[in-house]
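Chain by chain, the residues run as shown.
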Amino acid sequence: SAVPGTGQAVAVNNPDAGVYYVRLAGMMSFRNVRLTAEVTPHATPNAATAQPADGVLALTDGVATPVDVPAAGQRQFKIYFDKAPQRLFITTRDGAGDCRMYVRRSAPATEKNFDACSTNDGARQTIVLVKDLTPGTYYVTLASDAGCTGAKLLVEDFDVVAAK
């Protein structure tokens, strides 16, 4: 901010994840200055209540998304990568009940059309994609016969995992 005086404000809208540095510089001698930051955390989408019009909820790399899958139902998700991921870890954790997970590049995953699937008993599912990954949209579908509640879906690009 370049406003004269000590009352300054800077807004950063839609910032990327990461560390931000603030530099406070005074032109003349000053004291009793307070620097405060107000952060509005990114709201984690809730698949049980926030389905978009097309029914496919967008995921964020590295952010766990709460998921409830109704009995005899499914939930669909998508995540976009502008560069090819080295390795994708797609997991569900926590939760009660049973679900199956299907992943597909470039088109919604179904129980019949998928690139990879995990059909373990219970709510914990894991898929690791390592071959022929390309930039673009990856779709994840969670399906359940009896229902699954309280699970968390997480998609992580290996590059992000390695950097943590």
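Presented here is an overview of the structure given in this document. Computed from a predicted structure; not experimentally measured.

Describing the pairing of strand β3 (residues 73-81)
Working step 1: Pairing of strand β1 (residues 56-58) with β3, which is carried by three bridges, proceeds in the parallel orientation. Across the sheet, the residue bridging to Val-56 is Gln-76, located in β3.
Working step 2: Relative to strand β8 (residues 136-144), β3 is paired through nine bridges, and the arrangement is antiparallel. Across the sheet, Tyr-80 pairs through a bridge with Thr-137, a residue of β8.

With respect to the nonpolar core
Working step 1: Counting 24 residues, the largest nonpolar core has Phe-77, Ile-90, Leu-129, Val-140, Leu-142, Leu-153 and Val-155 as the members making the most contacts within it.
Working step 2: Secondary structure elements with two or more residues in this core: β2 (65-69), β3, β4 (88-97), β5 (100-105), β7 (125-129), β8 and β9 (148-157).
Working step 3: If near-sequence neighbours (up to four positions away) are discounted, Leu-153 is found in contact with Leu-59, Val-63, Ala-64, Thr-65, Val-67, Phe-77, Ile-90, Thr-91, Thr-92, Met-101, Val-140 and Leu-142.

A closer look at the sheet that holds β1
Working step 1: Across the sheet, which stays open at both edges, the five strands sit in the order β1-β3-β8-β5-β6 with mixed pairing between neighbours. Edge positions in the sheet fall to β1 and β6 (116-118), since each of these pairs with one other strand and no more. On average, each strand axis in the sheet is inclined to that of its neighbour by 20°, with strand direction left out of account.

Reading guide: rules and limits
Position numbers for residues count from 1 along each chain, tracking the sequence in the order it is written. Since the coordinates come from a predicted model, pLDDT governs what is reported: local features require at least 70, and pairs of side-chain atoms require 80 or more to be given and counted, while whole-chain, interface and lining totals use all residues. Calculated side-chain values reflect all of the structure's heavy atoms, with hydrogen atoms and water omitted. Two strands pair if DSSP finds at least two bridges between them. For helices the rule is a DSSP run of H or I covering at least 4 residues; for strands it is a run of E covering at least 2, with both sets numbered from the N terminus onward. The term nonpolar core refers to a set of buried residues drawn from Ala, Val, Leu, Ile, Met, Phe, Trp, Tyr and Cys, joined through side-chain atoms within 4.5 Å. Each residue's exposure class comes from its accessible area (1.4 Å probe, protein chains only) as a fraction of the maximum for that residue type: buried when under 20%, exposed when over 50%, partly exposed otherwise. Here a residue-residue contact requires only that any non-hydrogen atoms of the pair lie within 4.5 Å. Think of each axis as a best-fit line through the C-alpha atoms, taken over the contacting stretch in the case of a helix, with angles from 0 to 180 degrees between the N-to-C directions.

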